[in-house]
Amino acid sequence: MRLRTDDDIYRARLVYLGPPGYTLPVHLPYAQYGLFMLLVPLYMFIHWLFTLQVELFPAWEIALAIVTTSFVFRYVDPDRPARMVIRTALTDWRRTREPAAEQRDPRMVGSRIRIREELA
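The residue numbering used here restarts from 1 in each chain and proceeds along that chain's sequence as written. Reporting in this predicted model follows two pLDDT cut-offs: at least 70 for local features of residues, and 80 or more for side-chain atom pairs to be given and counted; totals over whole chains, interfaces and linings ignore these cut-offs and use all residues. The side-chain numbers reported here are obtained from all heavy atoms of the structure, hydrogens and water having been left aside.

## Regarding the overall build of the protein
Under the scheme used here, helices are H or I runs from DSSP no shorter than 4 residues and strands are E runs no shorter than 2 residues, and both carry numbers assigned from the N terminus. When its secondary structure is counted, the protein shows four helices and two strands. Reading the protein from its N terminus to its C terminus gives the helix and strand order α-β-β-α-α-α. Residue contacts are defined here by distance: any two heavy atoms, one from each residue, within 4.5 Å place the two residues in contact. Across the protein, the fraction of contacts at a sequence separation of at least 24, relative to all contacts at a separation of at least 6, is 32%. Here the open area of atoms and residues is found with the Shrake-Rupley method and a 1.4 Å probe, where only the protein chains shown may cover a residue. Entry remark: accessible area of the protein is about 11700 Å², with carbon and sulfur atoms responsible for 61%.

Below you can see the structure in the form of structure tokens.
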């Protein structure tokens, strides 16, 4: 259960509304614009690595950047900034996973243990 805080600083959002006199139809925080601007060149570079061509209008790269940005900011809140969401995503994909097949632990059997009365 999450409680709504009384701090105004948490409720205040730094939002770009658009140029003066022309309000944009969506209100996005500055951080979303920044992440989007970082992802588009990254996806363009990845596309260039595979094809060795640069598109005049990078439609697929823009679409991927929009989807990635919206996915990241789905988990962002005042207690979890975007930087921590990205760091968590980058560390979680590298974690060790359980093996697909069950592995049995070796049994400890005392059949080969010999007990002597004296130590020589």
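Having seen the structure, we can now continue with the description.
## Here's the deal with the layout of surface pockets
Site definitions follow a grid-based scheme: protein atoms alone, a 1 Å grid, a 1.4 Å probe that fits but cannot get out for cavities, and for pockets an open set with protein on both sides within 12 Å along at least five of seven lines, plus lining residues having an atom within 4 Å of a point. Grid points are joined across faces, edges and corners, and a volume is the space filled by probe spheres set on the points. A volume near 300 Å³ is recorded for the second largest pocket. Lining the second largest pocket we find 13 residues, and of these Val72, Val85, Ile86, Ala89 and Leu90 sit closest to its centre. Taken together, the elements giving at least two residues each to the lining of the second largest pocket come down to α2 (30-51), α3 (59-73) and α4 (82-92). The element best represented in the lining of the second largest pocket is α4, accounting for six residues. Of the residues contributing to the lining of the second largest pocket, the split by class is 10 nonpolar, one polar and two charged. Gly counts as polar in this scheme, as do all residues outside two lists: the nonpolar Ala, Val, Leu, Ile, Met, Phe, Trp, Tyr, Cys and Pro, and the charged Asp, Glu, Lys and Arg.

## Some words on the nonpolar core
As used here, the term nonpolar core means buried Ala, Val, Leu, Ile, Met, Phe, Trp, Tyr and Cys residues forming a set that is joined through side-chain atoms within 4.5 Å. The cut-offs for exposure are 20% and 50% of the maximum accessible area for each residue type, with area from a 1.4 Å probe on protein chains only; residues under the lower value are buried, those over the upper are exposed, and the others partly exposed. In this structure, Leu35, Leu39, Val40, Tyr43, Ala65, Val72, Phe73, Ala82 and Val85 together form the largest nonpolar core, which totals nine residues. Secondary structure elements with two or more residues in this core: α2, α3 and α4. With four residues, the single largest contributor to this core is α2. Excluding residues that lie within four positions of it along the chain, phenylalanine 73 makes contacts with Ala31, Gln32, Leu35 and Ala82.

## So, the UniProt feature "transmembrane region" (unreviewed entry) in the protein
UniProt positions are given in the numbering used here, feature names are shortened, and annotations may be inferred rather than shown by experiment. In the UniProt entry, the feature "transmembrane region" (unreviewed entry) is given for residues 30-50 and 56-76. Along residues 30-50, the helical share is 100% and the strand share 0%, with 31 Å between the first and last C-alpha atoms. Taken end to end, residues 56-76 has its terminal C-alpha atoms 33 Å apart, with 71% of it in helix and 0% in strand.

## A word on α2
Under the 1.5 Å per step criterion, the end-to-end length of α2 is 32 Å for 22 residues, consistent within 8% with the ideal 32 Å. For α2, the complete set of buried residues consists of Gln32, Leu35, Leu39, Val40 and Tyr43. Projection of α2 onto a plane perpendicular to its axis shows the buried side chains occupying an angular sector of 145°, all on one side. Across α2 from its buried face, at more than 90 degrees, point the exposed residues Met37 and Leu38. Summarising the contacts, the buried residues of α2 are in contact with β2 (28-29), α3 and α4. Multiply 1.5 Å by the residue count of a helix minus one, and that product is the helix's expected span. This arc is taken over the directions from the axis of the helix to the C-beta atoms.

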